[in-house]
Structure formats: structure tokens, C-alpha cells
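Working through the structure, step by step
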Amino acid sequence: MQPTLKNPKLWHEQAYVNGKWTASKSGKTFNVINPSTGDVIVALPEMSQEDVQIASGQALAAFEQWKKVSPKVRGSVIRKWAQLLLENAEDLGRILTTENGKPFAEAKGEIAFAASYLEFYCGEAERTYGDVIPSANPANRVFAIHQPIGVVACLTPWNFPAAMVTRKAGAAIAAGCTAIVKPAGETSLTALAIAYLGEQAGLPAGVLNVVTGMQNLAEIGKALCEDPNIRKLSFTGSTAVGKLLMRQCSSSLKKLSLELGGNSPFIIFDDCDLPATINALMGAKIRNSGQTCVCANRIYVQRGIYSEVCRLLVDQFSQVKCGDGFEDGVTVGPLTVQRGVEKVQAHIDDAVGKGARILFGGQAMDRTGYFFQPSVLADMSDRMLSHNEEIFGPVAALYPFDTEEEVLKMANNSEVGLGSYVCTNNLARVWRMAEGLEVGMVGVNTGVIAGGEIPFGGIKHSGFGVEGGKWGVKEFMITKSIVMSIPAI
Ligand SMILES: NC(=O)c1ccc[n+]([C@@H]2O[C@H](COP(=O)([O-])OP(=O)(O)OC[C@H]3O[C@@H](n4cnc5c(N)ncnc54)[C@H](O)[C@@H]3O)[C@@H](O)[C@H]2O)c1
Ligand SMILES: O=CCCC(=O)O
């Protein structure tokens, strides 16, 4: 069912291409499901390759104009867009909770998080400075300028339906590019509402487009990858899909940003501030029901405080209220997709079969919707599935360790390297760990590591490219050199 909105104009049941709300060429649709109830919320256009090609042609035409708009004007439109997001945070939060499931307060928090990227990028649009380069040849003057790359495809996931749209498309548009957003089918309504607000803020037709689809995902993804009009593709999602997209982009040699799976170690040393650490851990673990790419996946606890951390965590988890995101006091919602429930159960069964102990929870909840009990597992080891793969659910998995050297080795024993966390009061250790961890991001005594001004990205099989901060906008630009021969002075 559609949520009640103060501003009903935010609700859109069609895709958005070249400033027009549009059905798919085939007329086909797919259903968006409320994960708390299992009910169909709405049917959205199931688009195809043909729809993608139309969108890319129009985004290319819009690019020819948008790239000429001054950075100051682009920035002012983006600033207005951010303001509109904040003014409509309540309604956007309602839409987000309805399709993603996260608690309403957290959903509103995501809207502020989404706006933080636009707020940062609107200033950054004006700061894409080039360079004047001392020439080796005295008869030359050499310059480097940055220019928008062109039409970009932004493929966004279902775990952050608002923030991943602004983090990618906001940066692209600030750079002077035009964007085709393909949100995860499960959570397209938030992206459509954000596109509507972009239009209200003054984005010209064709600058921001949203194509929708769920069953045709493989076809749409391939069409975006192979489209010659599109010069860059930015994706957040699983490593497996990221690799597929990279292969598919090879024929058109697109520039890529891939923000893929994580397996974040959360390392607790016995010299930490324990209450503050547990607080940080709860944030890094149960945010969005454990469905973030930087959620604490492997919680390493130094042996001297291991039993105490197990006890404190069980105490915290027993106070968590899991339920429909609109219910009062709920701090953990359902998982967003049914297959997530099956995945989390498989992780727990595997761990228990290999010697882990369930200290709390451990099962799907016996109610309608995709609910999984917030759970705590102790005595994890590197033979278990969760050691190598993100759980993507509200499960805290604890591993004991003895020494700093040992835990650094354990933490780096992963194919991926996205987020990580270190809790200690030893400053020298902070630096040894921060420099030694093979990851793109390190949280020190905190569980929150993302925001408009902060670079976000991974290494190894977590992908490449940086989103956010002063790096975010440049990812959507090319660097061009200009070598000028001058008459003798
Ligand atoms: N890094 C993240 O933020 C993130 C987001 C979603 C899922 N995941 C990981 O992936 C696991 C499985 O989730 P899932 O079942 O949705 O995974 P999936 O691998 O099927 O899809 C992941 C994302 O990629 C998109 N996608 C899938 N196939 C595509 C294709 N052929 N072309 C273009 N886009 C495509 C989906 O819409 C989704 O947003 C999760 O449990 C989690 O570990 C990570
Ligand atoms: O899951 C991907 C993004 C998570 C975040 O920005 O904190």
C-alpha cells in the first residue's frame, strides 16, 4: 500500500526519461514489495534495452547543453536539490521505509545522509581546478583542464535507496555530466521521488533520468554497459555483479567506479573504552539490519575481554526491537529481500555446524515479512562461510584473538578490502593498524565512516574508484592537457 504523504507529488509510478514520466515501451511492469508485510506496494515499468537506448540518446543530447552551464549555476541547482530533499525528508523517509524496510527514523537519517552528498558536491562543482605545468620546453606553456566525461550510468543498490543515488548522480551532475540512474528494482520509488525533486530544483530535461526494471535486470545492465553513448558506469552492489559489469563494459571501454562487497573487520583491543566501543559496534552492526557494505562482519575481540564483550553484546541485542519500520521504538527492520533471509540462515547454519555457539537469536522470525532475529554468534573461525563473505544481516559474529600482529593478519586474510574498524586507546597502535589494514576505510573508535565530505571506496575485490568528498566529482571528469607553443617573448 502507498504511504500517506504530505506532498503526494513525490509519488511516481513511472520511469523518468528526458523530463517525462514514462511507461516501458513494452508496457510490462514489475511489482515492488513491502518487506515488512510482503504486500505489493505498486507496479513499475519493466524497461528493456530499447528503453535504455532511448534514455541514453536523450541524455547525450542534454549533455551537449549541460556541460556548457557554468559550475556556479550547476552548483546552485544542486544546492536547491539538497534543500528540497531536507524539506521533504519526512515523506521521503516514508517512501524509503515502505520499500526498503529500515526504521522510519533511520530512513529520515538516510535522507539527511543523501543530502550531505549534494551539499558537498554543489561547492565542489566550482572547485574542479586544473593546473599550469612548468614546461620542459621553454617555448611551450602547458595546462591541464578537467572536463565532464559525458553520459554516465549509475546502478544503485537496494540497501541505500536515496544516498547511493545522490552520491553517484549528484557528483556526475555537479561535474557537468548527465546521468541515467538504474535503481535496484526493489527500491525504485525513492529514486523516482529524488528525480522529481531534481526537476523541481531546476535540473533541465535529460540531465537526470531514471530507468526501472527488475526481471529484465540482466538485459538492462548489459544495455547500459555496451551503450556507446555512455562513457562511464558507476555501480554499488555485489562483487559478482561488479565483475560481470566490468566484463560487459570492455567492448565500449567505459571508465568504471565499482563499490563492491565488503567483509569489514571490527577489532576490539583490551585497552579500548568498552562502553563507547560497544556503542560504536552496535552502530556498525545493526544499521539497516546489517545490510551495509561496511557493516562489521568479522568482530575480533582480544581474549582478555572476550567473555565480557559477549555478555555486553547479548545485553544490547536483547534490547533491540525488531519489527515494522513504522512501529514505535523499532530499531531493526526486516531484511529488504526474501533471499537475504535465506542467506543469513545459511551463514548461521554453516557456522554452528563448524563449532560456533549461538548466544542470542539465530533464526528467521515467525511472522509475515522478511524478518530475522538479531543474533549473536561466538567462537567463529576462518573455516566458516561468514569469514569469507558478508553476512548482510543483523548477526554479530565474534572471533577471539591474542596479539595485535595476529589480528592484523586475520583481518587482512580476505579477498576484499572495503571498511574496517579499530577500537583502542593506544595511539601508536591506532597508526600501526590504520596503516597496516588492507582496506579503503578505517574507523577508529567509531562505527560511522561515511558522509558527504569523506572519501568512500575499497581496494582488492571491493572494487575501485572513490565516491564522496573532493574526489567524488573528479571521478566523473577527464583530464585534458593543452600544450601551447608561444611566440618568443
Ligand atoms: N555493496 C553493497 O552495497 C551491496 C548492495 C546489495 C547487495 N550486496 C551484496 O550482494 C548480496 C546479494 O544481494 P542480491 O541478491 O541483491 O545480489 P545481486 O548480486 O543479485 O545484486 C546486487 C545488486 O546488483 C544489481 N544487479 C544484479 N544483477 C545485475 C546485472 N546483471 N546488471 C546490473 N545490475 C545488476 C541488483 O539490482 C542489486 O542492486 C548481498 O547479500 C550483499 O552481500 C552488496
Ligand atoms: O552499502 C553501501 C554504502 C554504505 C555507507 O555509505 O555507509
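Residues numbered from 1 in each chain as written. Chains lettered and ligands numbered in written order. Predicted model: local features only at pLDDT ≥ 70, side-chain atom pairs only at ≥ 80, totals over all residues. Heavy atoms only, no water.

Let's shift gears to the site of ligand 1. Of all residues adjacent to ligand 1, which total 22 residues, the nearest are Trp-158, Ser-238, Arg-339, Lys-343 and Glu-390. At 2.8 Å from an oxygen atom of ligand 1 is found a side-chain nitrogen or oxygen belonging to Trp-158. One of the side-chain nitrogen or oxygen atoms of Ser-238 is found 2.5 Å away from an oxygen atom of ligand 1. In isolation ligand 1 exposes 790 Å². Once the protein is present, 85% of that is buried. Mapped onto the shell around ligand 1, the elements with two or more residues apiece are β7 (151-156), α7 (217-226), β10 (230-236), α8 (239-249) and α11 (338-353). Class assignment for the residues of the shell around ligand 1 results in 13 nonpolar, six polar and three charged. (Near = heavy atom within 4 Å. Polar contact = N/O pair within 3.5 Å; in protein donor to acceptor, adjacent residues only side chain to side chain. Areas by Shrake-Rupley, 256 points an atom, 1.4 Å probe, with all protein chains shown as cover. Helix = DSSP H or I, 4+ residues; strand = E, 2+ residues; numbered from the N terminus. Nonpolar A, V, L, I, M, F, W, Y, C, P; charged D, E, K, R; others polar.)

Glancing now at the pairing of strand β4 (residues 40-45). Here five bridges tie strand β3 (residues 29-33) to β4, and the two strands are oriented antiparallel to one another. Its bridge partner being in β4, Thr-29 is matched across the sheet by Pro-45. With antiparallel pairing between neighbouring strands as the criterion, β3 and β4 make up a hairpin whose turn holds six residues, including Gly-38 at a positive phi of roughly 80°. (Pairing = 2+ DSSP bridges.)

Here we come to the nonpolar core. Counting 99 residues, the largest nonpolar core has Trp-81, Leu-85, Phe-266 and Leu-398 as the members making the most contacts within it. With sequence-adjacent residues up to four places away left out, Leu-398 is seen in contact with Ile-299, Val-301, Tyr-306, Val-309, Cys-310, Leu-313, Val-376, Leu-377, Ala-378, Asp-379 and Met-380. Listed in part, the 25 residues of the second largest apolar core include Phe-372, Val-407, Val-422 and Leu-437. (Core = buried A, V, L, I, M, F, W, Y, C linked by side-chain atoms within 4.5 Å. Buried < 20%, exposed > 50% of the residue type's maximum accessible area, 1.4 Å probe, protein only. Contact = heavy atoms within 4.5 Å.)

Cross-referencing UniProt, the feature "domain: Aldehyde dehydrogenase" (unreviewed entry) maps to residues 21-482 in the present numbering. Taken end to end, residues 21-482 is 41% helix and 21% strand, and its first and last C-alpha atoms sit 42 Å apart. (UniProt positions renumbered as here; feature names shortened; annotations may be inferred.)

Attention shifts here to the confidence of the model for the chain. Overall, the prediction assigns the chain a mean pLDDT of 98, with 100% of residues at 70 or greater. For this predicted complex, the interface confidence comes out at an ipTM of 0.96, alongside a pTM of 0.98. (pLDDT = per-residue confidence, 0-100.)

Taken as a whole, this structure holds nine aromatic pairs when the rule is applied. Summarising the aromatic geometry, the rings of Trp-158 and Phe-392 are spaced 5.7 Å apart at their centres and angled 85° between planes, so their arrangement reads as edge-to-face. Here Phe-392 lies in the loop between α12 (385-388) and β16 (395-401) and Trp-158 lies in the loop between β7 and α5 (163-175), a separation of 234 residues in the sequence. Three or more aromatic residues link up through ring pairs in this structure, and these residues are Phe-113, Tyr-117, Tyr-121 and Phe-160. Positioned above the aromatic ring of Phe-160, the side-chain terminus of Lys-102 is 4.1 Å from the ring centre. Against the face of Phe-269 rests Arg-429, its NZ or CZ located 4.1 Å from the ring centre. (Phe/Tyr/Trp six-rings, centres within 6.5 Å; stacked < 30°, edge-to-face > 60°. Lys NZ or Arg CZ within 6 Å of the ring centre and 35° of its normal.)

Our focus in this paragraph is the packing of helix α4 (residues 104-124) against α5. α5 packs onto α4 with a crossing angle of 10° between their chain directions and a minimal axis gap of 8 Å. Looking at the two axes, α4 sits roughly parallel to α5. In the crossing of α4 with α5, the sense of the turn from one axis to the other is right-handed. On α5, the residues touching Glu-110, Phe-113, Ala-114, Tyr-117, Leu-118 and Tyr-121 of α4 are Ala-163, Met-164, Thr-166, Arg-167, Gly-170, Ala-171 and Ala-174. (Axes fitted to C-alpha atoms, helices over the stretch in contact; angles between N-to-C directions. Parallel < 35°, antiparallel > 145°, perpendicular 65-115°, else oblique. Left-handed = near helix turned anticlockwise from the far one by under 90°.)

Side chains of Ile-145, Ile-482 and Met-484 sit close together on the surface and give an oily, nonpolar patch of about 210 Å² of accessible area. Its place among the elements puts Ile-482 in strand β22 (residues 477-485). (Patch = residues over 30% accessible without salt bridge, like charges linked within 9 Å, V, L, I, M, F, W, Y side chains within 5 Å. Salt bridge = Lys/Arg side-chain N within 4 Å of Asp/Glu carboxyl O.)

A few words now on the UniProt feature "active site" (unreviewed entry) in the chain. Under the UniProt annotation, "active site" (unreviewed entry) lies at Glu-259. With respect to the helices and strands, Glu-259 occurs in strand β11 (residues 255-259). Not counting chain neighbours up to four residues away, the residues in contact with Glu-259 comprise Arg-167, Phe-235, Thr-236, Gly-237, Cys-293, Leu-418, Phe-456, Ser-462 and Glu-467.

Okay, helix α1 (residues 49-66) next. Taking 1.5 Å as the rise per residue, α1 with 18 residues should run 26 Å; its terminal C-alpha atoms sit 25 Å apart, in good agreement. Taken together, the buried positions of α1 are Asp-51, Val-52, Ala-55, Ser-56, Ala-59, Ala-62, Phe-63 and Trp-66. Within α1, the buried residues cover an arc of 130° as seen down the axis, which keeps them to one side. (Expected span 1.5 Å × (residues − 1). Arc of directions from axis to C-beta.)

Here we take up the pattern of salt bridges. A complete count under the given rule lists 19 salt bridges for this structure. The partner of Asp-379 in a salt bridge is Arg-357, with the nearest N and O atoms 2.7 Å apart. Of this pair, Asp-379 sits in the loop between β15 (375-378) and α12 while Arg-357 sits in strand β14 (residues 357-360), placing them 22 residues apart in sequence. Exposure remark for Asp-379: the relative accessible area of 28% places this residue in the partly exposed category. Where Arg-429 meets Glu-404, a salt bridge forms, and the shortest distance between an N and an O atom there is 2.8 Å. Highlighted residues: Arg-429 in helix α14 (residues 427-436) and Glu-404 in helix α13 (residues 404-412), separated in sequence by 25 residues. Judged by its relative accessible area of 12%, Arg-429 is buried. Classification of Glu-404 by relative accessible area gives buried; the value is 16%.

Every residue lining ligand 2 is accounted for by Phe-113, Asn-159, Phe-160, Met-164, Arg-167, Glu-259, Arg-287, Thr-292, Cys-293, Val-294, Ala-450 and Phe-456. With respect to ligand 2, the side chain of Asn-159 contributes an N or O atom lying 3.1 Å from an oxygen atom. Here an oxygen atom of ligand 2 and a side-chain polar atom of Arg-167 are 2.9 Å apart. Within the complex, 100% of the 240 Å² of free accessible area of ligand 2 lies under protein. Residue composition of the shell around ligand 2, by class: seven nonpolar, two polar and three charged.

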